[in-house]
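Survey of secondary and tertiary structure
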Amino acid sequence: MTTARILAISGSLRAASHNTALLRAAQTLAPAGVTVDIYDGLGEIPPYHQDLDTPVLRPPVVQDLRDRITAADGLLIATPEYNYSIPGVLKNALDWASTDWTRTEGVPLLRKPVAIAGAGPSQFGSVRAQLALRQVFLCTDSDLVVKPEVIVFRSHERFDASGQLVDETTRDLLQDLLGALLAKAEAPAEARALMATAT
Ligand code: FNR
């Protein structure tokens, strides 16, 4: 049986967020042995400050996020679209997880298996934001799931009044995405280690 820990991050801080609801649906769709933990500290992450980005000076809440990403077997990100791109709070958190200036810690996002999804009320879902997010993970050399793309458009029609994901097509896509992420997360650690040194 697969055992894996997935860290899930929503790019929305909104209480009734469809993207956070998508991650809750992923929790219910995960196979036995796979834990999907939804990170709830995004709103507490301070603006990125390179002078503080060292093991000694880094704010504890940032260090905690880095440690959680490092410890996770994979990341599942659900992002809304703000002004045709990703929300600042999400990009800010990823910036804090993309560095190792002292060359003593390792970069949390390097070669980390990552899957992207997103929801939005427009006909386009969050497609522009997801393309922008893919570009970020290209830079961090994360191990990004390419397909399936989970672009939840007219998101208000996919959830019921209690925020449950009821749209069958979206549930199926989300399940496939989880499967693709787990396939990467199960890649032998040795192979991943080789790839990490290859960069
Ligand atoms: C938006 N929204 C939006 N939607 C879209 O399709 N393209 C866009 O460029 C934007 N821009 C935008 C900017 C800002 C500042 C806000 C707050 C919102 C709408 C947005 O996608 C919508 O509020 C989603 O529902 C947000 O996702 P959650 O909060 O439901 O997860």
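Coordinates for the structure precede this section.
Residues numbered from 1 in each chain as written. Predicted model: local features only at pLDDT ≥ 70, side-chain atom pairs only at ≥ 80, totals over all residues. Heavy atoms only, no water.

1. Topic: the environment of Ile151
With respect to the secondary-structure elements, Ile151 resides in strand β6 (residues 150-152). The exposure class assigned to Ile151 is partly exposed, which follows from its relative accessible area of 26%. Spatially, the C-alpha atom of Ile151 lies 24 Å from that of Ile69, the residues being 82 residues apart in sequence. If sequence neighbours within four positions are ignored, Ile151 has contacts with Gly118, Phe124, Gly125, Ser126, Val127 and Gln130. (Helix = DSSP H or I, 4+ residues; strand = E, 2+ residues; numbered from the N terminus. Buried < 20%, exposed > 50% of the residue type's maximum accessible area, 1.4 Å probe, protein only. Contact = heavy atoms within 4.5 Å.)

2. Description of the packing of helix α3 (residues 88-96) against helix α4 (residues 127-139)
Where α3 contacts α4, the two axes come as close as 11 Å, and the packing angle between them is 10°. By the angle between their axes, α3 is roughly parallel relative to α4. In this structure, α3 uses Leu90, Lys91 and Leu94 to contact α4, whose residues at the interface are Leu133, Val136 and Phe137. (Axes fitted to C-alpha atoms, helices over the stretch in contact; angles between N-to-C directions. Parallel < 35°, antiparallel > 145°, perpendicular 65-115°, else oblique.)

3. Structural notes on a nonpolar patch on the surface
A cluster of nonpolar residues, Leu52, Val56 and Leu57, forms a patch on the protein surface that exposes about 290 Å² of accessible area. Position of Leu52 relative to the elements: it lies in the loop between β2 (34-38) and α2 (60-71). Given the relative accessible area of 31%, Leu52 is considered partly exposed. (Patch = residues over 30% accessible without salt bridge, like charges linked within 9 Å, V, L, I, M, F, W, Y side chains within 5 Å. Areas by Shrake-Rupley, 256 points an atom, 1.4 Å probe, with all protein chains shown as cover. Salt bridge = Lys/Arg side-chain N within 4 Å of Asp/Glu carboxyl O.)

4. Considerations on the site of the ligand
The environment of the ligand is made up of 13 residues, and the closest members are Ser12, Arg14, Ser17, Asn19 and Tyr84. Ser17 has a polar side-chain atom sitting 2.6 Å from an oxygen atom of the ligand. Here the ligand, which alone exposes 620 Å², has 70% of that area covered by the protein. Residue classes in the shell around the ligand are distributed as 4 nonpolar, 7 polar and 2 charged. (Near = heavy atom within 4 Å. Polar contact = N/O pair within 3.5 Å; in protein donor to acceptor, adjacent residues only side chain to side chain. Nonpolar A, V, L, I, M, F, W, Y, C, P; charged D, E, K, R; others polar.)

5. What to know about the pattern of salt bridges
Under the counting rule described, the total for this entry stands at 12 salt bridges. Here Asp37 makes a salt bridge to Arg5, at a shortest N to O gap of 2.8 Å. Separated by 32 residues along the polypeptide, Asp37 in strand β2 and Arg5 in strand β1 (residues 4-10) bring together distant segments of the chain. Residue classification places Asp37 among the partly exposed positions, given a relative accessible area of 29%. The class for Arg5 is partly exposed, based on a relative accessible area of 44%. We note a salt bridge from Arg111 to Asp141, for which the minimum N-O separation is 2.8 Å. On the criterion of sequence distance, the pair formed by Arg111 in the loop between α3 and β4 (113-119) and Asp141 in the loop between α4 and β5 (143-144) is long-range, its members being 30 residues apart. According to the relative accessible area criterion, Arg111 is buried, its value standing at 15%.

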